[in-house]
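Residue strings, one per chain:
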Amino acid sequence: MTAVELDAPRAAPREAWRLTLGRFLSDRAAVASLVAFALVLFASFAGGPIVSAIVGHNGFDQFPYATDANLDPAGVWSHVPTTTQVRLDEYSNVLPPPKGSPTTLMVLGADGPLGRDEFIRVLDGGKASVEVGVFAVLISALIAVPLGCLAGFYGGKVDAVVSRLTEWVMAFPLIFFLVYATVHLTPTLRPIGWGHDIPAGVPMVALLIGAFTSFYPLRLVRAQLLTLRNAEFVDSSRMVGASGLRIIRKDLLPHLVPTLLVWGAVAVATDMLLEVGLSVIGVGVQSSTATWGTLLAQTTGTIYNAGPGGGAHHTTWHTVWPTIAILISVVSLNQLSESFRRAIEPWRR
Amino acid sequence: MRRIGLFMARRIAGGVLTLWAIVTLTWLMYWSLSPQPGRFVYPLGIKVTPYQLQDGARRLGAARPKLTQYGDWWWHLLHGNFGHQWSFASLNDNVLTTVPIAPTLYPALRATLCILIGGAILAVVISLPLGAISGRRVGSLADKVISFVALIGVCTHPIVTGKLLTQWFGIDLKWLPAGGYCTFVKHPTPAGYPPGYESCGGPVAWTTHLIMPWFTFAFLFLALYTRMIRASVAESIHEDYVRTARAKGARERRVMALHVLPNASLRVLTMVGMDIGTALGVAVFVEFAYGISGLARLSVNAMAGDPSAEATDLPMLLAVVTVIALIVVIGNLVVDTLYAVVDPRTGAADRPGRTKEIAAGVM
């Protein structure tokens, strides 16, 4: 009965949406950042398996001959003997591998004293890092959107409590909350994972980061609804007798999508950097799992394994590779968010 | 003037309330996690009997009624005293020796404040000309280069900046000390040290040790400030009063310094106030990269607790939480007051909000 009446006004937003898409696609920086982030996604999810298939080993294999006698790792583009047994002479000195033993290629060399492939670990680390970023954003959106809608739409006491809580939490440096929560929840939450697809520890880090960063989208949603709740289209819905929940669902949620999109792209990058921070402090994903954070942490040391001394047997390159990976993804996500904003609100440069 | 007084009184009341809330929440959270303070008294790693746990708690004063402890804590705080920490407690001849918190806390606080304030000044000093250059001609080559460098700055984790700077300027080129901290005032060498030893200190050593931390800190915030100043300059460069200033023959530099940039100062002030919390989070990584034992590192250690004891040092935790909350509250108070003084129109109550961007990621 109402189908026809509701369909008619719906044609207009779709047209606006198409205009936005057009603006987005005609922006060179937007397309470039989209392509860059797509490449990051491809490299982190498919790159590891593909490279493993080509060179014949994976990121967990340890090659004792990928390090020299001082345990310093092999350099960029080196062929490493695949022998897993180290030959020792009678004084326990390491002997060179037998002549003609098969070798395997390490594109970026070995990752440290353990002799794993740095290139595959950087690629695999991307998987965990991107997963942390994306899951954390989903979790914080799940927390923020309902709470923000309640606070912004109904106002009053709910709003007062939510706003006060937000203010208190945001006044305090986020990293301290994260460290405190992570340390106390590690025994219960860290083992959760799903094989190599979602490494153990990723859900915990994503959950905590998502929960503690949800205050920012909460404020965004609340602010947006505060301005929208007295709009004429909301009044008209109210006049025909729509309930508050229905107004939020049907009239107001679509208006939140652009805001959330702009926020989400930056937030994925932010959360990836937070993961790096947690790993460097030593409370994030366990250090044997490759993420960009743990790869950096093994060169910087953590609070439990402190100081520059923790970086023994690592060269500057071991800092540089994960950094490049982080830079590409964070810069592209940042630019992506900026381009979303420009496409959605072209009048605000 | 009366308005500012009233406003400050309200803000101070709000700050005290925030402090109370944070301390009380920490307190409640600690006691709700079934803690075992007794573990700090008896040697770790040895199987501790329930009796020993009770005895340890009693000796630390953690077995008294909770409300008494809570009241005592505030009483101590009013005297500027944070009591004794539980870590490093040692039981000899039935006498418990504990380490006071203040001698650790105050030097750490001084080191962190030096990093924070110096870094903030550096960030503002560098971003003012950069923002002015790129805001004057939006879209020019200089604008693009500056924006790109700023973007890289905000996307690089401070631990990476720190690590690379240490490696290049500290270890490879040996231009600057690779890490550590020296006090501004040179203290006499403590008794009992071997003859060749000299305590590090003095203005020169202080500066050389802090240059890289300051840059690391500023590199991150540079982007946010440059972008904001750029927007402000680009907005006001076409205003009538700027044209008037030019028409009366003022030189370009004078126009920028006296007519265009003061507009941005209000926003810079607002941002500095809102970034204090973030900055403390960033300080963790700056201190970590340069091996400085400052407040932020002390806090992370206190939050993370002692992994071998699986226990949290409550007095230390409360001390760092209080100091951090105080820094944030006092910093905001100072900024708000300055704001009210600089721009009496707005009365500071309704300062403009700002979108908090990627720097939130590392805090």
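Scoring rules and cut-offs
Residues numbered from 1 in each chain as written. Chains lettered and ligands numbered in written order. Predicted model: local features only at pLDDT ≥ 70, side-chain atom pairs only at ≥ 80, totals over all residues. Heavy atoms only, no water. Helix = DSSP H or I, 4+ residues; strand = E, 2+ residues; numbered from the N terminus. Buried < 20%, exposed > 50% of the residue type's maximum accessible area, 1.4 Å probe, protein only. Contact = heavy atoms within 4.5 Å. Areas by Shrake-Rupley, 256 points an atom, 1.4 Å probe, with all protein chains shown as cover. Lys, Arg positive; Asp, Glu negative; His and termini not counted. Charge placed at Lys NZ, Arg CZ, Asp CG, Glu CD. Salt bridge = Lys/Arg side-chain N within 4 Å of Asp/Glu carboxyl O. Phe/Tyr/Trp six-rings, centres within 6.5 Å; stacked < 30°, edge-to-face > 60°. Lys NZ or Arg CZ within 6 Å of the ring centre and 35° of its normal.

### Some points on the overall build of chain B
Item 1. Looking only at helices and strands, chain B has 12 helices and 2 strands in total.
Item 2. Scanning chain B from its N terminus toward the C terminus, one meets helices and strands in the order α-α-α-β-β-α-α-α-α-α-α-α-α-α.
Item 3. With respect to the three principal axes, the spread of C-alpha positions in chain B is 85 × 55 × 35 Å.
Item 4. Within chain B, buried positions represent 49% of all 363 residues.
Item 5. Pairs at least 24 apart in sequence give 71% of the contacts found in chain B among residues at least 6 apart.
Item 6. Surface accessibility of chain B: about 18200 Å² in total, with carbon and sulfur atoms responsible for 66%.
Item 7. Each charge sign in chain B was given a centre, from 31 positive and 19 negative side chains, and these centres are 6 Å apart.

### Structural notes on the pattern of salt bridges
Item 1. Inspection of the entire model under this criterion finds 14 salt bridges over all chains.
Item 2. In this structure, R341 of chain A engages E338 of chain A in a salt bridge whose closest nitrogen and oxygen atoms are separated by 3.0 Å. Of this pair, R341 of chain A and E338 of chain A both sit in helix α11 (residues 316–344), 3 residues apart, roughly one helical turn.
Item 3. Since its relative accessible area comes to 21%, E338 of chain A is described here as partly exposed.
Item 4. Among the salt bridges present, the one from E235 of chain B reaches R267 of chain B, with a minimum N-O distance of 3.1 Å. Of this pair, E235 of chain B sits in helix α7 (residues 203–236) while R267 of chain B sits in helix α9 (residues 252–274), and the two are 32 residues apart along the sequence.

### Here we look at the packing of aromatic side chains
All names here are of chain B.
Item 1. On inspection of all chains with the given rule, the structure shows 16 aromatic pairs over all chains.
Item 2. A centroid spacing of 5.6 Å and a plane angle of 80° characterise the contact between W206 and W214, whose relative ring orientation is edge-to-face.
Item 3. Classification of W214 by relative accessible area gives buried; the value is 14%.
Item 4. A connected cluster of aromatic rings, assembled from ring pairs, spans W27, Y30, W31, F40, Y70, W73, W74 and W86.
Item 5. Between the NZ or CZ atom of K66 and the centre of the ring of W31, over which it lies, the distance is 4.3 Å.

Remember that the coordinates give geometry; whether it matters functionally is a separate question.
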